Amino acid sequence: MTRKYAQMVLVACGTLLANVAHAQVATTIEQAELAGLTPEKRAEVQKRATEGSNTVSEVLQTILLNGIKSKHPASRIVALDFARGIAVVEMQNGGMSAVNFDTTTLAIR
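Rules behind the numbers
- Residues numbered from 1 in each chain as written.
- Predicted model: local features only at pLDDT ≥ 70, side-chain atom pairs only at ≥ 80, totals over all residues.
- Heavy atoms only, no water.
- Core = buried A, V, L, I, M, F, W, Y, C linked by side-chain atoms within 4.5 Å.
- Buried < 20%, exposed > 50% of the residue type's maximum accessible area, 1.4 Å probe, protein only.
- Helix = DSSP H or I, 4+ residues; strand = E, 2+ residues; numbered from the N terminus.
- Contact = heavy atoms within 4.5 Å.
- Axes fitted to C-alpha atoms, helices over the stretch in contact; angles between N-to-C directions.
- Parallel < 35°, antiparallel > 145°, perpendicular 65-115°, else oblique.
- Nonpolar A, V, L, I, M, F, W, Y, C, P; charged D, E, K, R; others polar.
- Pairing = 2+ DSSP bridges.
- Left-handed = near helix turned anticlockwise from the far one by under 90°.

(A) The nonpolar core, seen in detail. Of all hydrophobic cores here, the largest spans 22 residues; its most connected members are Val45 and Leu106. At the level of elements, helix 3 (39-51), helix 4 (56-69), strand 1 (74-81) and strand 2 (86-91) are the ones that each hand at least two residues to this core. It is helix 4 that provides the largest number of residues to this core, a total of seven residues. Excluding residues within four positions of it along the chain, Val45 makes contact with Leu34, Leu37, Val56, Val59, Leu60 and Ile63.

See below:
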């Protein structure tokens, strides 16, 4: 019985570690998004992604939403077309708005 329990614990730990390691690997889309950034912005995004438990996409969305909020009263990003540099955001009053951004620096236009 103890041997079976020990095996189950080892399998569970292995699965957990595999999921943690997998979460830190940038997907193909994330790698493409990173490749288009300036070297400085890429380093910032990668650092923030590895410091916490966020993905590259989550870090990019956070940076964009913070920039958007400085110019527009937006509450969240609803859709994001990174290649075209446009984000659709839900405004605090309930409406939607399209916001353009620079795909290399993430600066809001």
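This is not the end of the story, as more comes after the structure.
(B) Summary view of the packing of helix 2 (residues 28-35) against helix 4. One can describe the packing of helix 2 onto helix 4 by two numbers: an axis separation of 9 Å at closest approach and a directional angle of 45°. The angle between helix 2 and helix 4 falls in the class oblique. Contacts between helix 2 and helix 4 pair Glu30, Glu33 and Leu34 from the former with Val56, Ser57 and Leu60 from the latter. When grouped by side-chain class, the residues that make up the contact of helix 2 with helix 4 number three nonpolar, one polar and two charged.

(C) View of the pairing of strand 2. Because side chains alternate across strand 2, one face comprises the buried residues Ala87, Val89 and Met91, and the other comprises Ile86, Val88 and Glu90, none of which is buried. For strand 1 and strand 2, the ladder comprises six bridges, and the chain directions are antiparallel. Residue pairing for strand 2: Ala79 is matched across the bridge by Val88. From the end of strand 1 to the start of strand 2, which pair antiparallel, there are four residues, and Gly85 there has a positive phi angle of about 70°. Adjacent in sequence and paired antiparallel, strand 2 and strand 3 (residues 96-100) are bridged by four residues, among which Gly94 carries a positive phi angle near 105°.

(D) Region of the structure containing the packing of helix 3 against helix 4. Running from N to C, helix 3 and helix 4 point in directions that differ by 115°, and their axes come no closer than 9 Å. When you trace helix 3 past helix 4, the crossing you get is right-handed. Residues Lys41, Glu44, Val45, Arg48 and Ala49 of helix 3 touch helix 4, and the partners they reach there are Val56, Val59, Leu60, Thr62 and Ile63. The residue makeup of the contact of helix 3 with helix 4, split by class, is six nonpolar, one polar and three charged.

(E) Spatial organisation of the sheet that holds strand 1. If you walk across this open sheet you meet the three strands as 1-2-3, and the pairing is antiparallel. The open sheet has two edge strands, strand 1 and strand 3, and neither has a second partner. Ignoring which end each strand starts from, the neighbouring axes of this sheet average 30° apart. Each of strand 1, strand 2 and strand 3 touches helix 4; the most contacted strand, strand 1, lies at about 125° to it.

(F) Main features of the environment of Arg109. Its place among the elements puts Arg109 in the segment after strand 3. Between the C-alpha atom of Arg109 and that of Lys71, which follows or precedes it by 38 residues, the distance is 9.4 Å.

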